[in-house]
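Structural overview for review
Take a look at the letters that make up each chain.
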Amino acid sequence: MMSKVYGWEFADGPGAFFAHTADHLFGEVWTREELSVRDRRLLLLGALAGSGQVDVAEIQAGAALGNGELTPGQLEEVALFLCYYVGWPIGTKMNTVIGKAIRDHAKSQQ
């Protein structure tokens, strides 16, 4: 599931902590039926913005584009929407990060 969520093949990470985290998070949490992967991705983008971890959002935005879960326009809308709830400075950073993910995705499609 971890490879599906991120859109590329993941090898096991180092140590038991990584294995436990990956097995539980991607084997159980991301696979529950009540929310789709897209729903979880939107929640994660909001949580990342809310906690100021905007740099990690680039990975999530790129994966959402690569997996066809969100369009560039939808991601831009996410950034604008979040400005009102996390504040303009973080929302603006989110918009910048999402813009980079969109440009990188477009280049990879050429």
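Residues numbered from 1 in each chain as written. Predicted model: local features only at pLDDT ≥ 70, side-chain atom pairs only at ≥ 80, totals over all residues. Heavy atoms only, no water.

**A few points about the packing of helix 4 (residues 54–66) against helix 6 (residues 88–109)**
Each pair of packed helices can be summarised by the angle the axes make with each other and by the distance between the axes. The cut-off we apply is this: Orientation is described by lines fitted to C-alpha atoms, with helices fitted over the stretch in contact, and by angles between N-to-C directions that extend from 0 to 180 degrees. Working definition: helices are DSSP H or I runs of at least four residues, strands are E runs of at least two. Numbering for both runs from the N terminus. Relative orientations are named as follows: roughly parallel for angles under 35 degrees, roughly antiparallel for angles over 145 degrees, roughly perpendicular for angles from 65 to 115 degrees, and oblique for any other angle. Definitions for this section: a left-handed crossing has its near helix turned counterclockwise from the far helix by less than a right angle. A right-handed crossing has that turn clockwise. Throughout, a residue-residue contact means that at least one pair of heavy atoms, one from each residue, lies within 4.5 Å.
Between helix 4 and helix 6, the least distance of the axes is 8 Å, while the angle of their chain directions is 40°. Here helix 4 lies oblique to helix 6, going by the angle between them. Here helix 4 runs over helix 6; the crossing is right-handed. Contact residues: V54, A57, E58, A61, G62, L65 and G66 in helix 4; I90, K93, M94, V97, I98, K100, A101, I102, D104 and H105 in helix 6.

**Some thoughts on helix 6**
Condition: In this analysis, the expected span of each helix is defined as 1.5 Å times one less than the number of residues it contains. Working definition: with a 1.4 Å probe on protein chains only, accessible area under 20% of the residue-type maximum means buried, over 50% means exposed, and in between means partly exposed.
For helix 6, spanning 22 residues, the distance from its first C-alpha to its last is 31 Å, which sits close to the expected 32 Å at 1.5 Å a residue. Burial in helix 6 covers these residues: G91, M94, V97, I98, G99, A101 and I102. Buried residues belonging to helix 6 abut helix 3 (37–50), helix 4 and helix 5 (72–86).

**Overview of helix 3**
Between its first and last C-alpha, helix 3 extends 20 Å over 14 residues, near the 20 Å set by a 1.5 Å rise per residue. Where helix 3 is concerned, the buried positions are V37, R40, R41, L45, L48 and A49. Here the buried face of helix 3 lies against helix 1 (2–6), helix 2 (15–29), helix 4, helix 5 and helix 6. Just downstream of helix 3, G52 is the residue with a positive phi angle, here 75°.

**With respect to the confidence of the model for the protein**
Inclusion rule: One number per residue, pLDDT, summarises how confident the predictor is, and it ranges from 0 to 100.
Chain-level statistics for the protein give a pLDDT mean of 90 and a share of 95% at 70 or above. Helix 1 is the least confidently modelled element of the protein, averaging 75 in pLDDT, while helix 5 averages 97, the highest of any element.

**Thoughts on the side chain of Q60**
So the rule is basically this: Nitrogen and oxygen atoms within 3.5 Å of one another constitute a polar contact, given that in protein one can donate a hydrogen and the other can accept it, and given that sequence-neighbouring residues count only through two side-chain atoms.
You can see Q60 is positioned in helix 4. Side-chain polar atoms of Q60 contact the side chain of R41, separated by 2.6 Å. If we ignore the near neighbours within four places in the chain, the residues touching Q60 are Y6, R41, L44, L45 and L48.

**Overview of the pattern of salt bridges**
Rules: Any carboxyl oxygen of Asp or Glu that lies within 4 Å of a side-chain nitrogen of Lys or Arg is treated as forming a salt bridge with it.
Inspection of every chain in the model, using the stated rule, returns four salt bridges. The shortest N-O distance in the salt bridge between E34 and R32 comes to 3.8 Å. Accessibility assignment for this pair places E34 and R32 in one class, exposed. With its nearest N and O atoms 3.1 Å apart, the salt bridge here joins K100 to E58. You can see K100 sitting in helix 6 and its partner E58 sitting in helix 4, a full 42 residues away along the chain. Through salt bridges that share partners, E58, K100 and D104 make up one connected network.

**Observations concerning the environment of G91**
Note that G91 resides in helix 6. Using a relative accessible area of 0% as the deciding quantity, one classes G91 as buried. Once the C-alpha coordinates of G91 and G52 are considered, the two residues, 39 residues apart in sequence, prove to be 9.3 Å apart. Excluding anything up to four places from it in sequence, G91 contacts A79, C83 and V86.

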